[in-house]
Structure formats: C-alpha cells, structure tokens
Amino acid sequence: MKTIWLKAACCAALMLLAGCEEETTLYSQLEERQANAIVAELKAHDISCRKTPGEEGTWNVMVGEGNFATAVELLEQKGLPRRQYQGVAESFKKTGMVSSPSEERIRFMDALAQDLSRTISQIEGVVDARVHVVLPENDPFAKHAKPSSAAVAIRHRYDVDMADFVPQIKSLVKNAIEGLDYSKISVTLFRDSPPKKK
C-alpha cells in the first residue's frame, strides 16, 4: 500500500514540475511604476508574469522562458518600459566648482529637449519621442543672427494617425522655447508596423 502511495506522490510531483516553466528576467532595476505598467500590459494579453524586488528599491519583471520573445515584442510595440528623461533640475545639478558659459548652454539645450521629449511621449498613441534643440551662440553685435531651431522625431502606434497632432506639437515646442519661430520646427513621424499575425 505504501508503495502505491509513494508512486502516486512521485507522479504528482513530476506533473507539478512539468507544469512549472523556467522563469527568466524580462527587465530589471525598474521603478515600481514602470514594473506595474509592464505587468499590467502583459497580463492584459494573458502572458503570465510577476514582479520581484531588485536592488536598491528597484523591481524586476519575470516571465516564463517560453513567453520571453512574445513579451519583448509586445512591450516594444507599446513603448514599455518608458524611456527615463532628465529634466531641468537634474541636468543643472552642479558637478564642479565653475561651469563655462558653453557648458551651461549645452546643458540648458539638453534639459529643454528632454523636458519636451517627456511631454510629447505622454500624448496618446506616441510610443517614443525625441526633441533636438539648436540655440546658436549669436554675437550680439552681428548684423544677421542665426535663428534657433528644433527637430522632433516621433515613433507612434500603427493604429494611430498622428498627422493631425503635428500643428499642436509644433505650437507646444514653439511656446516652450523663447524666440523660436514656428517655421523653424520640424516634426517627423515614424509609424510602427502592425503586429504579425500568428
């Protein structure tokens, strides 16, 4: 009788182990908000996953090895995890005793660009956004000043038409950068490919 129960227990254990797929780390060192967004998106598409504590208050997202490729493809389409931007406050942290005017100017342009990129990336349908700002160092005594300019690159979902938003995006950039002319702003749109049919 004991032998029968032992065999039954062994079979049950083997079936349980067979059902437990090996896990792998999908993303690590995420902020909890980022990890929650990823887990919510994966579970909405019936992909089993979980978040685990990482180092220094960060979080990891784990998925079964069999779902790894599908999860990566899905999150890439959704623009997750969101790119981290540095704002003006972070960019202007003092790293030395004295900064040259050129260094301050470059850091200011970078901070402006990142703040604008962050704002545009929050628009519905935008997967990722990058803004490049050029503020020429003009001579105050020169007859002809070089105009400022900005270039915006937007990657958006395949099922969203962003063309109608271009004038609003250009107005947003114009109003965020002092002295920038509307005609000196370019917006380039890149549509994602639709998901592959399985």
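Scroll up for the structure.
These numbers were taken from a predicted model, which means no experiment stands behind them.

(A) Fine view of the environment of Leu80. Within the secondary structure layout, Leu80 lies in the loop between α3 (68-78) and α4 (88-91). Owing to a relative accessible area of 13%, Leu80 belongs among the buried residues under this scheme. Measuring from C-alpha to C-alpha, the distance between Leu80 and Glu41 comes to 9.0 Å, with 39 residues separating the pair along the chain. If we skip the residues at most four places from it in the chain, Leu80 touches Tyr27, Ala37, Ile38, Glu41 and Leu75.

(B) Inspection of the pattern of salt bridges at higher detail. Counted according to the given criterion, the structure contains 7 salt bridges. With a shortest N-O distance of 3.0 Å, Arg118 and Asp115 are connected by a salt bridge. Of this pair, Arg118 and Asp115 are both found in helix α5 (residues 101-121), 3 residues apart, which corresponds to roughly one turn of the helix. For Arg118, a relative accessible area of 31% translates into the label partly exposed. In the salt-bridge network here, residues are joined through shared partners; they are Glu76, Arg155 and Asp192.

(C) How the structure looks around unusual backbone geometry. We note that Gln29 has phi near 55°; this positive angle belongs to a residue other than glycine. Looking at where Gln29 falls in the secondary structure, it is placed in strand β1 (residues 23-30). Backbone geometry at Asp46 places phi at a positive 60°, although glycine is not the residue there. Tracing the chain through its elements places Asp46 in the loop between α2 (32-44) and β2 (49-53). When its relative accessible area of 74% is taken as the criterion, Asp46 is described as exposed.

(D) Molecular detail of the side chain of Lys170. Note on placement: Lys170 falls in helix α6 (residues 166-176). No salt bridge forms around the buried Lys170; measuring N to O, its nearest opposite-charge neighbour Asp181 is 8.5 Å away. Not counting chain neighbours up to four residues away, the residues in contact with Lys170 comprise Tyr182, Ile185 and Val187.

(E) Spatial organisation of the sheet that holds strand β3 (residues 59-64). Strand order in the open sheet formed by 3 strands is β1-β3-β2, with antiparallel pairing between adjacent strands. The open sheet is flanked by β1 and β2, the only strands paired with a single partner. Taking the axes of each pair of neighbouring strands and ignoring which way they run, one obtains an average angle of 25° across the sheet. Summarising the sheet, β1 and β3 pair through 5 bridges and their orientation is antiparallel. Note that in β3 the partner of Thr25 across the bridge is Met62. α3 rests against β1 and β3 of the sheet, and its axis sits at about 35° to β1.

(F) The pairing of β2, seen in detail. With 5 bridges joining them, β2 and β3 adopt antiparallel strand pairing. By the bridge assignment for β3, Pro53 is matched with Trp59. Counted between consecutive antiparallel strands, the loop separating β2 from β3 contains 5 residues, among which Glu56 sits at a positive phi close to 50°.

(G) Molecular detail of the side chain of Ser117. When you line up the elements, Ser117 lands in helix α5. With relative accessibility at 3%, the residue Ser117 sits in the buried group. Polar side-chain contacts of Ser117 include one of 3.0 Å to the backbone nitrogen of Val131.

(H) Region of interest: the sheet that holds strand β4 (residues 126-134). Spatially, the 3 strands line up as an open sheet ordered β4-β5-β6, and their pairing is mixed. The sheet is open, and its two borders are formed by β4 and β6 (185-191), each paired with just one other strand. For this sheet, the mean inter-axis angle between neighbouring strands, taken without regard to orientation, is 15°. For β4 and strand β5 (residues 149-156), the ladder comprises 8 bridges, and the chain directions are antiparallel. Bridging across to β5, His132 finds its partner in Ala151. Along the sheet face, α5 touches β4 and β5 and points at about 155° away from the line of β4.

Cut-off values and rules
- Per chain, residues are indexed from 1 in the order of the written sequence.
- Where local features are concerned, this predicted model is filtered to residues with pLDDT of at least 70; where side-chain atom pairs are given and counted, the filter is 80 or more; whole-chain, interface and lining totals use all residues.
- Note that the side-chain values use all heavy atoms of the structure and ignore hydrogens as well as water.
- Under the DSSP-based scheme used, a helix requires at least four consecutive residues in state H or I and a strand at least two consecutive residues in state E, with every element numbered from the N terminus.
- We call a residue buried when its accessible area falls under 20% of the maximum for its residue type, exposed when it is over 50%, and partly exposed in between, using a 1.4 Å probe and counting protein chains only.
- Any pair of residues with heavy atoms lying within 4.5 Å of one another is described as a contacting pair.
- Only one rule defines a salt bridge in this text: a Lys or Arg side-chain nitrogen within 4 Å of an Asp or Glu carboxyl oxygen.
- By the counting rule applied here, Lys and Arg register as positive and Asp and Glu as negative, while His and the ends of each chain are not counted.
- Here, a strand pair is defined by DSSP locating no fewer than two bridges between the strands.
- Note on method: axes are straight lines fitted to C-alpha atoms, helices fitted across the in-contact stretch only, with angles between N-to-C directions ranging 0 to 180 degrees.
- Definition of a polar contact: a pair of N or O atoms within 3.5 Å, with one able to donate and the other able to accept a hydrogen when the atoms are protein atoms, and with sequence-neighbouring residues admitted only if both atoms are side-chain atoms.

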